[in-house]
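# Report on the structure
Below are the chains, spelled out letter by letter.
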Amino acid sequence: MKHTIAAMVENRPGVLAKISGLFSARAFNIMSLTVGETEIHDVSRMTIVVKGDDKTLEQVVKQLNKLPDVIKVIDFKNEEFIDRDLMLIKVNASKSARSEIIEIANIFRANILDMSTDTITLELTGKETKLEGVLKLLRPYGIKEMVRAGVVAMSRGRK
Amino acid sequence: MKLSGAEIILKSLEREAVDTIFGIPGGSVIPLFDKLYSNKKIKLFLTRHEQGAAHMADGYARASGKVGVCVATSGPGATNLVTGLATALLDSIPMVAITGQVASHLVGNDAFQEADTTGITRPVTKQNFLITDVKELSRTIAQAFYLARTGRPGPVLIDVPVDIQNAVCEYDKKPDCVIRGYKPNFKGHPRQIKSALEAIMRAEKPVIYAGGGVISSGADKELTQLARSLGIPVTLTLMGIGAFPGTDKLFIGMPGMHGTQAANFALQNCDLIFAVGARFDDRVTGKVSAFAPHAKVVQIDIDPTSISKNVPTEIPVVGDCKVVLRQMLEILSKRKITKKPAVWTKRVLEVSSKKALMYKKDSVLRPQFVIEKFYELTKGKAIVATEVGQHQMWAEQFFKYDKPRQFITSGGLGTMGYGLPAAIGVKRACPGKEVLDIAGDGSTQMNIQELATAKVYGIKVIVVILNNSCLGMVRQWQQLFYGRRYSGVLLGMADNKSYWPDFKKVAEAYGLTGMRIEKKSGVEGAIKKALAAKGTVVMDFQVAKEENVSPMVPGGAPIDHILELA
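Presented here is a report on the structure given in the accompanying data block. (Residues numbered from 1 in each chain as written. Chains lettered and ligands numbered in written order. Predicted model: local features only at pLDDT ≥ 70, side-chain atom pairs only at ≥ 80, totals over all residues. Heavy atoms only, no water.)

## Comments concerning the nonpolar core
Residue and element names in this part refer to chain B. The test is simple: For this analysis, a nonpolar core means a set of buried residues of the types Ala, Val, Leu, Ile, Met, Phe, Trp, Tyr and Cys, connected via side-chain atoms within 4.5 Å. The buried label applies to any residue whose accessible area, calculated with a 1.4 Å probe on protein chains only, is under 20% of its type's maximum; exposed applies above 50%, and partly exposed to all values in between. In this description a helix means any DSSP run of H or I spanning at least four residues, a strand means any run of E spanning at least two, and both kinds are numbered starting from the N terminus. Only heavy atoms matter for contacts: two residues are in contact if any of them lie within 4.5 Å across the pair.
In terms of nonpolar packing, the biggest core is built from 71 residues, with F274, V276, M539 and F541 touching the most fellow members. In terms of residue count, helix α14 (residues 321-333) provides more of this core than any other element does, six residues in total. In contact with M539, other than residues within four places in its own chain, are F374, I462, V463, V464, I465, M515, I517, A526, I527 and A530. Listed in part, the 43 residues of the second largest apolar core include A86, I408, A423 and C430.

Given below as structure tokens:
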């Protein structure tokens, strides 16, 4: 089962190590982890996507809450939330394939960031399923390089 | 008032009412030791190894309830503290460790005696800090003490680069120690407390299972009152020993691997476990899926991560044990207790008296006998520190502890080499008490250098070595489960016939009293002499070599699969 958790943390050295240590000490593999600034200048927000059963996850959320450097934890398990990932993808594009790739980009509203004689680089934002769908379509052309930023998430509504 | 970083450290320690620090200097803490030289309020105990310093601070904390403080230099000084920090973390002991670090501009440079101390100690501390600006020092130290002693207590480390110890700034006398990510829950939720109490009163076959949380929150009186007024039998974990009087008729001993028949019977057959400040450790539960099959669990703990961690909790109350028990007693005082689980309690106490702990009473010098004699001759008043192994279990089984903070042992990490330095820390905290270090010959040799510290500072502890010339607990497992193949456990010379080394001579080399006791008949006289002696005494009791700790539940078995080995 995949879980998404967000944690507001103190923005200072060592905090990331403390949090990732929590997961590694329990042999828990992190699928994606993002860290970024928030509306409060000395608070960072981490979005962590992990795979694991509910019981292990519950323990991880409690352990996160226990860290003095963690100010707040949001477990999206029981909430409606929005999540987005960002992907950059450099795909082989010979002259003949170029227009097909541009068509795929248009359909999925990907931005074309760069183009060379034999490659196209696209930028795509969306839910993971969308990103994976595009990847599947582009794979036959040959993917030279791909990078994903990791999921960021937020609750829906006023909360 | 402008002060140097080193002066700020000492001022901040004084502010926290620290009277003793245990430690060893080195290149990166010379400025701090220089200021300590002329400090009149804080006494330095110069230990012979940093691990000793950490365990002394830990023993001091366990005996006094205050925060223990140790100091070490960068690199090897700091890494030598690691075992001591881990020991304190697993047993939730309040400690602050201050380490020197190489100068700020050299950090990360593989400088001489540099180690990534905050990186290395991250998993063995409750929190740690690397100071990057002298202005942070005063507040960080205040926060460190606050974190160490509140909530679920634990060790906190502060790493201070040497240039920051020399840097100067205005001293912040009353720093703010609010930490926005840290708000321990003290009071229990009233509705949870009410339903917990309802469940306990309704139970036909309840048992109280209490642990170290009762001792750290000072809830022993409340627990005792509650248990007595409801007539519920009490089992205590290794960390909880002393939280309920060991001589009370409702006390049924420790549960788990080397627990009593009665405690394991009670847990396996009860319909409700009232867990107070105890965390269902694997040494208690044995095979978890077969643990307490009929029991509903009601649990008080200040640490939410302890709730439903190993065993599902039906009614959790997150809060300080003392505060929550008081809230419960308050409700009880307004109510008439009509029903007590008399039949059940009687049955448990019957098991307790029929299946009491025992050992062979013959002419052989057996370790259990030595401990019983110490109990008798100190009138049960001594504070007992232990090392780790068979002797530790016997010390729990054959000495009765009526008071909290009377039994000082490394329960969670099981650190051999803990007992001697811890006993020295205990004695420093309680100079008026008789302090024993019940030990084995194996663990004694893991920090034996601290005999020097005891000698130099005129500390009296009695080191009770129950010498069986081997690593007894591992030997016991090898005897029972590995066909007596004694691999790597015999500590004597090649033939393992004699007892070795000569601990009496070792003691004498440190200028202390050494004794060797080979016969049962010599025990009483020797103990009396040791009690009357002035300084530390090392007693080498050369006991039966193949004595086993009994009863025993094999690792991973349900706790009612009990082997009687005595």
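That covers the picture; the talk isn't over yet.
## As for the sheet that holds strand β11 (residues 272-276) of chain B
Consider a sheet: its strands pair through backbone hydrogen bonds, and that pairing is either parallel or antiparallel. Residue and element names in this part refer to chain B. Our working definition: Any two strands with at least two DSSP bridges between them are considered paired. Throughout, an axis means a line fitted to C-alpha atoms (over the contacting stretch in the case of helices), and angles, computed between N-to-C directions, take values from 0 to 180 degrees.
Taken in spatial order, the five strands make up an open sheet running β10-β9-β11-β12-β13, and their pairing is parallel. The sheet is open, and its two borders are formed by β10 (234-236) and β13 (315-318), each paired with just one other strand. Between one strand and the next, the sheet's axes are offset by a mean angle of 15°, whatever the strand orientation. Pairing of strand β9 (residues 206-210) with β10, which is carried by three bridges, proceeds in the parallel orientation. Residue pairing for β10: Y209 is matched across the bridge by T235.

## Here we look at the pattern of salt bridges
Residues and elements named next belong to chain A. To be explicit about the condition: Salt bridges are defined as contacts in which a side-chain nitrogen from Lys or Arg sits within 4 Å of a carboxyl oxygen from Asp or Glu.
Scanning all chains against the criterion turns up 37 salt bridges over all chains. Ionic pairing is found between K127 and D83, a salt bridge with its closest N-O pair at 2.7 Å. Within this pair, whereas K127 is found in the loop between β7 (119-126) and α4 (128-138), its partner D83 is found in strand β5 (residues 81-92), the two being separated by 44 residues in sequence. Using a relative accessible area of 40% as the deciding quantity, one classes K127 as partly exposed.

## Digging into unusual backbone geometry
Residue and element names in this part refer to chain B. P501 follows W500 through a cis peptide bond whose omega is 5°. Considering the arrangement of structural elements, one finds P501 in the loop between α21 (472-481) and α22 (503-509). The omega torsion of the bond from S550 to P551 falls at -5°, within 30 degrees of zero and hence cis. Among the structural elements, P551 can be located in the segment after β19 (537-542). Look at A17: it is not a glycine, yet its phi comes out positive at around 60°. Residue placement: A17 occurs in the loop between α1 (5-15) and β2 (20-23).

## Things to note about the interface of chain B and chain A
Selection rule: Two parts placed together each lose some accessible area under a 1.4 Å probe, and adding up what both lose gives the buried area. Pairs of N or O atoms are called polar contacts if they sit within 3.5 Å, as long as, within protein, a hydrogen donor faces a hydrogen acceptor (for residues adjacent in sequence, only side-chain-to-side-chain pairs).
Facing the 17 residues of chain B at the interface are 18 residues of chain A. Between chain B and chain A, the buried area comes to about 1400 Å², and carbon and sulfur atoms account for 47% of it. The tally of links between chain B and chain A comes to three salt bridges. A salt bridge links R180(B) to D42(A); the shortest N-O distance between them is 3.1 Å. At the surface where chain B touches chain A, the tally comes to 12 residue pairs in polar contact (both at pLDDT 80 or more). Examining the composition of the side of chain B that touches chain A, we find that three residues originate from one element, strand β6 (residues 127-130) of chain B, more than from any other.

## A closer look at the packing of aromatic side chains
Residue and element names in this part refer to chain B. Put simply, the rule reads: Here a pair means two rings of Phe, Tyr or Trp (six-membered ring of Trp) with centres within 6.5 Å. Their orientation is stacked below 30 degrees between planes, edge-to-face above 60, and tilted elsewhere. The rule for a charge over a ring is simple: NZ of Lys or CZ of Arg within 6 Å of the ring centre, and within 35 degrees of the ring normal.
Throughout the structure, instances matching the rule amount to 14 aromatic pairs over all chains. A ring pair is formed by F45 and Y457, whose centres lie 4.3 Å apart and whose planes are at 15°; its orientation type is stacked. A residue pair is termed long-range when its members are at least 10 positions apart, and F45 in strand β3 (residues 43-46) and Y457 in the loop between α20 (451-456) and β17 (462-467) qualify at 412 residues. For Y457, a relative accessible area of 23% gives the class partly exposed. With 5.4 Å between their ring centres and 85° between their planes, Y359 and F398 make a pair best called edge-to-face. One end of the pair, Y359, is in the loop between α15 (342-354) and α16 (367-377); the other, F398, is in helix α17 (residues 390-398), and 39 residues separate them in sequence. Each member of the pair, Y359 together with F398, is buried. Ring-pair connections join several aromatic residues into one group, and the members of that group are F22, F45, Y60 and Y457. Here the basic side chain of K361 rests over the ring of Y359, its NZ or CZ set 4.8 Å away from the ring centre. Across the ring face of F369, the terminal group of K520 is positioned such that the distance to the ring centre comes to 4.7 Å.

## Side note on the side chain of Q449(B)
Residues and elements named next belong to chain B. In this structure, Q449 sits in the loop between α19 (441-444) and α20. For Q449, a relative accessible area of 18% puts it in the buried group. Ignoring sequence-local partners within four residues, the contact set of Q449 consists of R48, H49 and Y510.

## Re the sheet that holds strand β15 (residues 407-408) of chain B
Residue and element names in this part refer to chain B. One open sheet accounts for six strands, arranged β15-β14-β16-β17-β19-β18; its pairing is parallel. Two strands in the sheet have a free side with no partner beyond their single neighbour: β15 and β18 (513-517). Inspection of the sheet shows strand β14 (residues 383-386) paired to β15 by two bridges, in the parallel sense. Note that in β15 the partner of V384 across the bridge is F407.

## Topic: helix α12 (residues 261-269) of chain B
All names here are of chain B. Of all nine residues making up α12, eight are buried, and the element is well covered by its neighbours. Turning to α12, its buried residues are Q261, A262, A263, N264, F265, A266, L267 and Q268. Packing partners of the buried residues in α12 comprise β9, β10, β11 and α15.

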